[in-house]
Amino acid sequence: MQYFVRRPWDLPHREITEESAYHSRKQHRREFLQVMGIAGIAGATTGLIGCGSEPTLEDLQTTPTGRPPKISASDGTADPNNRTTQELVDPGLPTEVELAVYPAERNDEFQYGRDETPEKAALQYTNFYEFSQEKSSWQLVRDFKPRPWTVEIDGLCDKPMQLDLDDIAKKMTFEERAYRHRCVETWAMCVPWTGFELAQLIQLAEPKPSAKYVRMETVNRPDEMPGINATPDYPWPYAEGLTIEEAMNKLTFIATGIYGKLLPKQNGSPLRLVTPWKYGFKCIKSIVKITLTAEQPKTFWNTLIPERYGFTANVDPQETIPWPQNSEWMLGTNEGFFGGAKRYPTEKYNGYGEYVAKLYVS
Ligand code: MTE
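Sequence positions are assigned chain by chain, starting from 1 and proceeding in written order. The model is predicted, so local features are restricted to residues of pLDDT at least 70 and side-chain atom pairs to those at 80 or more, both for listing and for counting; the totals for chains, interfaces and linings are taken over all residues. To obtain the side-chain values, all non-hydrogen atoms of the structure were used and water was disregarded.

Caption draft 1: Local environment of the sheet that holds strand β11 (residues 287–293). As summarised here, the arrangement of the five strands in space is β3-β2-β11-β6-β7, forming an open sheet in which the pairing is mixed. Strands at the two margins of the open sheet, each flanked by one partner only, are β3 (161–164) and β7 (239–243). Sheet twist, expressed as the mean angle between neighbouring strand axes with direction ignored, is 15 degrees. As paired strands, strand β6 (residues 213–218) and β7 are joined by five bridges and run antiparallel to one another. Note that in β7 the partner of Arg215 across the bridge is Gly241. One requirement defines pairing of two strands: DSSP has to find at least two bridges between them. Going along the chain from the N terminus, every DSSP run of H or I of four or more residues is numbered as a helix, and every run of E of two or more is numbered as a strand. Angles here are taken between N-to-C directions and fall from 0 to 180 degrees, while the axes themselves are lines fitted to C-alpha atoms, restricted in helices to the stretch in contact.

Here it is in structure tokens:
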């Protein structure tokens, strides 16, 4: 996803060392050395050059309420002391959206078909360029304030509106969905999102028949997001778009939580798009604005590198731009002896064709 600086993940993966070998290089130095075939040195150097910055799961749970306990449908865990959801939620900051995410029921219609990604891997290995171009945003989100939060819906609709998180909690029906996620960098994950269908939100605004596209925009706060100042030539704010049919599709989800807990800042708190049949860059984070338009909107990646990142961006194993997309490796599976992440062949529409293929027949 790089633009000015050519980085290892800009190279076709077949020409280089396995991608899992160099991702998050500081934290995974040992695996890197192992995959490079110098396992002995790896063991010896781990102590010297150090993996001291390896975070705990709690370090990665960068929610504004601290670290709420897990009591959702994700694993059916109940509080051993039988406290209510309200009692368990961090006192002090209980907005209704905090309360709303916890009792969300898992929608069993959606299954990963593979193992769930360890929570720690999904919270640590994130793409959020407003903070960093490395997978280390969790270390840079301290100043980011996802409360209070307002999302504006405007453009071609009869009821333009502004909603805060309490409004959203009252008006939306929350559920949990187990979705696969596929990044164009060829890593993939299986995570449980808590949230609601984007269609629910858009319907509130009553789109006009002339609305053909939905543009979404991330908050633009250089004082809280150090990656913005570091890349002044990038077309901030981050923006993405869908056709109105894609936006209203059943799969299209707005996440407020992950693994049954509030969405950490680095994963796109407090509102983040999830479109599991598209490459991950479509899943715009920390959304503040949703605009209904007649014209196809400009998007962040399409503006930066149009020949590489198209507007539609559906997962497609036939594609070789910018590198072969026919297989994917799973986050959190490269801890074994001699490294080597678990790989799967990539499926068209990331395996969600039954829901979305109909959108693309001309
Ligand atoms: N949204 C914003 N605002 N900024 C970003 O840099 N990165 C995208 C997407 N949404 C990005 C973003 C990319 S490239 C991916 S793969 C997903 O977020 C990653 O989501 P995750 O970090 O929760 O895995």
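Caption draft 2: A look at the side chain of Lys261. Along the chain, Lys261 falls in strand β9 (residues 261–262). Of the polar contacts made by the side chain of Lys261, one reaches the side chain of Glu119; its length is 2.8 Å. Here a polar contact means two N or O atoms within 3.5 Å. Within protein one must be a hydrogen donor candidate and the other an acceptor candidate, and residues neighboring in sequence count only if both atoms are side-chain atoms.

Caption draft 3: Region of interest: the nonpolar core. Of all hydrophobic cores here, the largest spans 52 residues; its most connected members are Leu198, Met216 and Ile290. When residues of this core are traced back to their parent elements, those giving at least two are β2 (150–155), β3, α7 (165–171), α8 (198–204), β6, α10 (244–247), β11 and α11 (300–304). The element best represented in this core is β11, accounting for four residues. Should any heavy atoms of two residues lie within 4.5 Å, those residues are considered in contact. Excluding anything up to four places from it in sequence, Met216 contacts Leu198, Tyr238, Ala239, Glu240, Leu242, Leu273, Ile284, Ile287, Lys289 and Ile290. Residues grouped as a nonpolar core are buried Ala, Val, Leu, Ile, Met, Phe, Trp, Tyr and Cys residues, joined through side-chain atoms within 4.5 Å. Exposed residues in this analysis have more than 50% of their type's maximum accessible area, buried residues have under 20%, and partly exposed residues fall in between, with area computed by a 1.4 Å probe over protein chains only.

Caption draft 4: Geometry of the environment of Lys208. Relative to the helices and strands, Lys208 resides in the loop between α8 and β6. Residue class for Lys208 comes out partly exposed when judged on its relative accessible area of 32%. Note: C-alpha distance between Lys208 and Asp158 (50 residues apart in sequence) is 6.5 Å. Aside from chain neighbours lying at most four places away, what touches Lys208 is Leu156, Cys157 and Asp158.

Caption draft 5: Fine view of the state of the cysteines. Cysteine sulfur atoms are paired as a disulfide whenever they come within 2.5 Å of each other. With the rule as written, the count across this model stands at zero disulfides. A disulfide-free cysteine, Cys183 has its sulfur positioned 9.4 Å from the sulfur of Cys283, the nearest such atom.

Caption draft 6: Just the packing of aromatic side chains, in detail. Aromatic contacts are taken between Phe, Tyr and Trp rings whose centres are within 6.5 Å, Trp giving its six-membered ring; a plane angle under 30 degrees counts as stacked, one over 60 as edge-to-face, and the others as tilted. As enumerated under the stated definition, the model contains 21 aromatic pairs in all. Taking the centre distance of 6.0 Å and the plane angle of 90 degrees together, the rings of Phe144 and Trp149 count as edge-to-face. Per residue, the accessibility class of Phe144 equals that of Trp149, and both read buried. Taken together through their ring pairs, the aromatic side chains of Tyr129, Tyr234, Trp236, Tyr238, Tyr279, Phe281, Phe300, Trp301 and Tyr309 make up a single cluster. Note on criteria: charge over ring means Lys NZ or Arg CZ within 6 Å of the ring centre, with the direction from the centre no more than 35 degrees off the ring normal. One Lys or Arg, Arg114, reaches over the ring of Tyr344 and ends 4.0 Å from the middle of that ring.

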